[in-house]
Amino acid sequence: MLRGSLWWLLAVAVALAATRAAAAMKTGGQSLHRDFDAVWGKRNARFFDDGRVVELALDRETGSRLESKDRYLFGRFDLDIRLVAGESAGTITSFYICTGGARHDEVDFEFLGNVSGEPYILHTNIFSDDKGEREQQFVLWFDPTADFHTYSILWNPLNIILYIDGTPIRVFKNNEANGVPFPTRQPVHVFASIWNAEEWATQGGRVKTDWSEAPFVAAYRRFDATSACVWQGGASPTRCGGDHLPSSASSWMAQRLDWWSWMTLNWVRMNYMTYDYCADRKRYPHAFPTECIIPIGRI
Ligand SMILES: *[C@@H]1O[C@H](CO)[C@@H](O)[C@H](O)[C@H]1NC(C)=O
């Protein structure tokens, strides 16, 4: 009974978060041309509406990737994506931040396509100091191909939080004090891409891409990095923008999950998470990675 009411309460919270996110959404949006370069599969990146919308296509020859012109050291990055509709098996549509380099840091949203009518899986991962293997997967509570939804990566010195339409789905705390590397030193580029990964993406690689359905096209719009710090090179300080007031607790730089967000995150985990490396006993028969077993402590 209690569990039932809690479920509804949290469902309402998710709906509210989505409404707030929609209200906060700027109309129009900036040109993606301004913020990104097509760095791979250029001919498969097509800009529309003065660059406000970009479609990335995957065909037999190539996929396509956008890379942000700026590099950022911390920030909140929002991007609207509409995934490939219909047949999408073997395709991965992504939105991620990555430092590159030998000891790279990376935070991934990867949408694993499926045969027509079957659900996408959202695959997330976090690399710090070159170590990833922190997979969490989710099914979505909406059809991600019917319309655009806002996917966000918040990265500050305290934690990394992933959001969908304002609803938190994952948090990775800074546990450097406990020996878990956390990205704080290297600037990232923001990336958006579509590529083929039929060897593992769909139903564990059993289902391959149906090339007769190509090209596979995903659409992106409304990139927002106004709450982010632009890296100016080693010597000059980063230029931070957005709603930040360096010492204010309400700033994105100091943002972490409050109680309500924490409850909502747990609601998502209970109802939509399909894989968590922190619960994979086959993979970790003896001990889970450090960040999995550290008590949650302060939210
Ligand atoms: C694709 O659909 C199947 C059947 O519903 C499901 O088991 C699988 O998790 C879905 N997603 C992917 C990416 O394989």
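Note that the coordinates shown come from a computational prediction; the quantities given were computed from them, not determined experimentally.

Student: Any chance you could break down the overall build of the chain for me, citing the residues and the numbers?
Tutor: Summing up its helical and strand segments, the chain has four helices and 16 strands in all. Out of the 299 residues in the chain, the part that is buried amounts to 51%. Taken as a whole, the chain presents about 14,300 Å² of accessible surface, with 54% of it coming from carbon and sulfur.

Student: Could you give me a rundown of helix α3 (residues 259-272), with the residues and numbers involved?
Tutor: The end-to-end C-alpha distance of α3, which contains 14 residues, comes to 20 Å, matching closely the 20 Å that a straight helix rising 1.5 Å per residue would cover. Among the residues of α3, those classed as buried are Ser-261, Trp-262, Thr-264, Leu-265, Trp-267, Val-268 and Tyr-272.

Student: Outline the site of the ligand, listing residues and values.
Tutor: Surrounding the ligand, one finds Leu-112, Gly-113, Asn-114, Glu-118, Pro-119, Ile-121, Ala-201, Thr-202 and Gln-203. Across the complex, the protein chains shield 68% of the 360 Å² of accessible surface that the ligand would expose by itself. Considering only residue class, the shell around the ligand consists of four nonpolar, four polar and one charged.

Student: Run through the state of the cysteines, naming residues and quoting values.
Tutor: Inspection of every chain in the model, using the stated rule, returns two disulfides. Covalent S-S linkage joins Cys-278 and Cys-292, the inter-sulfur distance amounting to 1.9 Å. Handedness of the Cys-278-Cys-292 disulfide follows from its S-S torsion of about -70°: it is left-handed. Here Cys-278, found in the loop between β16 (273-276) and α4 (290-293), pairs with Cys-292, found in helix α4; they are 14 residues apart in sequence, far enough to count as distant.

Calculation rules
- Residues numbered from 1 in each chain as written.
- Predicted model: local features only at pLDDT ≥ 70, side-chain atom pairs only at ≥ 80, totals over all residues.
- Heavy atoms only, no water.
- Helix = DSSP H or I, 4+ residues; strand = E, 2+ residues; numbered from the N terminus.
- Buried < 20%, exposed > 50% of the residue type's maximum accessible area, 1.4 Å probe, protein only.
- Areas by Shrake-Rupley, 256 points an atom, 1.4 Å probe, with all protein chains shown as cover.
- Expected span 1.5 Å × (residues − 1).
- Near = heavy atom within 4 Å.
- Nonpolar A, V, L, I, M, F, W, Y, C, P; charged D, E, K, R; others polar.
- Disulfide = S-S within 2.5 Å.

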